[in-house]
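Structure assessment
One letter stands for each residue in the lines below.
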Amino acid sequence: MIVGGRVVAPDRVLDDGWLAIAGGKIVQVGTGTPPDIDRVDVDGCLVVPGFIDTHCHGGGGGSFSSGNPEELFRAVRAHRRHGTTTMLGSLVSDPIPVLRDQIAALRELVQEGELAGIHLEGPFISKARCGAHDPATLIEPDTATVNALLGAGRGDIRMVTLAPELHGGIKAVRQLAESGVIAAIGHTDGVEDQIIPAIDAGASVATHLFNAMRPLHHREPGPIGALLDDERITVELICDLVHVHPTVLRLAAHHAGKGRTVLITDAMSATDAADGSYILGRLEVDVRDGVATLAGNGSLAGSTLTMDAAFRNLVRGAGIDLLDAVRATSGRPAELLGIADRTGSLRAGLAADVVVLDRDLRPAKVLRQGEWVKDEAAATLSATAPLSGAVEGGVSVSDG
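Residues numbered from 1 in each chain as written. Predicted model: local features only at pLDDT ≥ 70, side-chain atom pairs only at ≥ 80, totals over all residues. Heavy atoms only, no water.

Considerations on the overall build of the protein chain
- In terms of helices and strands, the protein chain carries nine helices and 21 strands.
- By the compact-globule yardstick of 21 Å for 400 residues, the protein chain fits well, its C-alpha radius of gyration being 20 Å.
- Expressed along its principal axes, the backbone C-alpha trace of the protein chain runs to roughly 65 × 40 × 40 Å.
- Residues classed as buried in the protein chain amount to 58% of the 400 residues present. (Helix = DSSP H or I, 4+ residues; strand = E, 2+ residues; numbered from the N terminus. Rg over C-alpha atoms; globule rule 2.2 N^0.38 Å. Buried < 20%, exposed > 50% of the residue type's maximum accessible area, 1.4 Å probe, protein only.)

This is the structure in structure tokens:
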């Protein structure tokens, strides 16, 4: 039993709420006097579903592009400590043979249940909006190449980001959608008339809206206007308050609403690690005060964000209410990935993926599939001891 907390249920916040957990699943959610069984008293903390990150490149010093098993697990563990219980492993643009090897390495984590799937961010993106992707690796999509990548994934590739204005772009969107893969529009210099046909062809996600795409203009709405205004599109937002200003975050989240807003980290290997020099794909990145930029030109190069910090920023920095913030960090991502029948909210029958947030909205304890996530850096807590007195020692992260 997790008792004594403010439990964020799908439709309301339960003061003095509780969860009954058995066999790795939530078996009952209630309020008031709980059944008299083994209890963990969270002493007024906020209890939310485990976070779901659909766009993440690494963390803890480990990169999902490395192919190194130890690095891959290190990245997963770094984000899990911060409450991310479900995530995709994202790859930046690389030559096709390299990508196939990277996909093969990530597939092992998918098969072991450590990742929910793979996200390819490129190589079918615009050179004009490539951001931290090496322009030399970018290509236009064709049926054979798309099939080769999907074949390497053997069903584990869940999302592909591409620029639909490229030659073959619309056809690739249709190919992905018909293959059951989420086609995401991003790193695009397209105008509205090039974006809408891609949505009609089956594109359903905007990759980190605003970032690495043609800006919104009052006479040419471009990709931002088209994607934000179309009810068929789920919009990703990097909520580190660096990539997108709080006012713009609030405007986008209010317009897209709780049914279409998803927070992501776009985190790279420096996340939950020290400042310094890192590699993202093939490019050198400098990280200073938690902000990652390309060594060559100072462009933003992913983030060092964690999902708990994104949640805090959305609530406190952008002023979004708790229910909508939980939807953006858990509920809607689960629906997007087609796993809402297994995780993403606190209700009976779903996996016991739970984050206990202290009064500063920092993780005091993380539960994944009914098992406490061990973390020497976080507050020490026994599964049979009360949380009171431990919550002030929650994980410390950079909100930048």
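So much for the structure itself; the text now carries on.
Let's talk about unusual backbone geometry
- Cis geometry is adopted by the peptide bond preceding P123, which originates at G122 and carries an omega value of 15°.
- Considering the arrangement of structural elements, one finds P123 in the loop between β10 (117–121) and α3 (143–153).
- A positive phi angle, close to 55°, is found at D16, a residue other than glycine.
- Counting through the fold element by element, D16 comes out in strand β2 (residues 13–22).
- Not every positive phi belongs to a glycine, and Q369 is a case in point at roughly 50°.
- Summarising the element assignment, Q369 is placed in the loop between β20 (363–368) and β21 (371–372).
- Of the residues examined, Q369 reaches a relative accessible area of 45% and is grouped as partly exposed.

Digging into the sheet that holds strand β17 (residues 283–288)
- An order of β16-β17-β18 is seen for the three strands of this open sheet, with the pairing classed as antiparallel. The sheet is open, and its two edges are formed by β16 (276–280) and β18 (291–294), each paired on a single side. On average, adjacent strands in this sheet sit at an angle of 35° to one another, irrespective of strand direction.
- The pairing of β16 with β17 spans five bridges and is antiparallel. (Pairing = 2+ DSSP bridges. Axes fitted to C-alpha atoms, helices over the stretch in contact; angles between N-to-C directions.)

Observations regarding the packing of helix α8 (residues 307–317) against helix α9 (residues 322–337)
- For the pair α8 and α9, interaxial distance at closest approach is 10 Å and the crossing angle is 145°. Note on packing geometry: the crossing formed by α8 with α9 is right-handed. Where α8 approaches α9, its residues M307, F311, L314 and V315 are matched on the opposing element by L322, A325, V326, A328 and T329. (Left-handed = near helix turned anticlockwise from the far one by under 90°. Contact = heavy atoms within 4.5 Å.)

Here's the deal with the confidence of the model for the protein chain
- Summing up the model confidence of the protein chain, the mean pLDDT is 92 and the portion of residues at 70 or higher is 94%.
- When the criterion is pLDDT under 50, residues 376–400 qualifies, and its contacts beyond four places in sequence or with other chains add up to 51 contacts. (pLDDT = per-residue confidence, 0-100.)

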